[in-house]
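# Coordinate inspection notes
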Amino acid sequence: MAQPGGEAVHNRIAVLRAERGVSRRELADALGVHYQTVGYLERGEYAPSLHLALRLAAFFDVPVEVLFSLTPFPRIGAPATASEG
């Protein structure tokens, strides 16, 4: 979804959260935000502040680039294109 300035911010929050077995409420509690904020983030309806993005990356113990991108992430199970390999 487009953010102010016209650029979409894509994320993998839901994927990582599901892989780790963490509920939206548990993630929200760990970050100090409302659980609905996690849903807004996952759906791309809200772009996090830099501070929140870094806290998310720290929570999942991954670089921020693993969580967020300005280009869509490839779908899980999608075949790799020649440019990716």
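Owing to the predicted nature of the structure, the values given are computational and were not obtained by experimental measurement.

## Remarks on the pattern of salt bridges
This structure, assessed with the given rule, holds three salt bridges. A salt bridge links Arg 24 to Glu 42; the shortest N-O distance between them is 2.9 Å. Pair noted here: Arg 24 is in helix H2 (residues 24-31) and Glu 42 is in helix H3 (residues 35-42), with a separation of 18 residues, a long-range link. Glu 45 is the salt-bridge partner of Arg 43, the closest N and O atoms lying 3.0 Å from each other. On the accessibility criterion, Arg 43 (44% relative accessible area) is partly exposed.

## Examining the nonpolar core
In globular proteins that are soluble, nonpolar side chains generally tend to be buried together. Ranked by internal contacts, the top residues of the largest apolar core, which has 16 residues, are Ile 13, Leu 27, Leu 56, Phe 60, Leu 67 and Phe 68. Residue assignment for this core shows that the elements contributing at least two residues are helix H1 (13-20), H2, H3 and helix H4 (50-60). Per-element tally for this core: the top contributor is H4, with five residues. Excluding anything up to four places from it in sequence, Phe 60 contacts Ile 13, Leu 16, Arg 17, Arg 20, Leu 27 and Leu 67.

## Topic: the packing of H2 against H4
As a packed pair, H2 and H4 sit with axes 10 Å apart at the nearest point and diverge in direction by 115°. Crossing of H2 over H4 shows right-handed handedness. Where H2 approaches H4, its residues Leu 27, Ala 30 and Leu 31 are matched on the opposing element by Leu 52, Arg 55, Leu 56, Phe 59 and Phe 60. Of the residues belonging to the contact of H2 with H4, the class tally is seven nonpolar, no polar and one charged.

Parameters at a glance
- Residues numbered from 1 in each chain as written.
- Predicted model: local features only at pLDDT ≥ 70, side-chain atom pairs only at ≥ 80, totals over all residues.
- Heavy atoms only, no water.
- Salt bridge = Lys/Arg side-chain N within 4 Å of Asp/Glu carboxyl O.
- Helix = DSSP H or I, 4+ residues; strand = E, 2+ residues; numbered from the N terminus.
- Buried < 20%, exposed > 50% of the residue type's maximum accessible area, 1.4 Å probe, protein only.
- Core = buried A, V, L, I, M, F, W, Y, C linked by side-chain atoms within 4.5 Å.
- Contact = heavy atoms within 4.5 Å.
- Axes fitted to C-alpha atoms, helices over the stretch in contact; angles between N-to-C directions.
- Left-handed = near helix turned anticlockwise from the far one by under 90°.
- Nonpolar A, V, L, I, M, F, W, Y, C, P; charged D, E, K, R; others polar.

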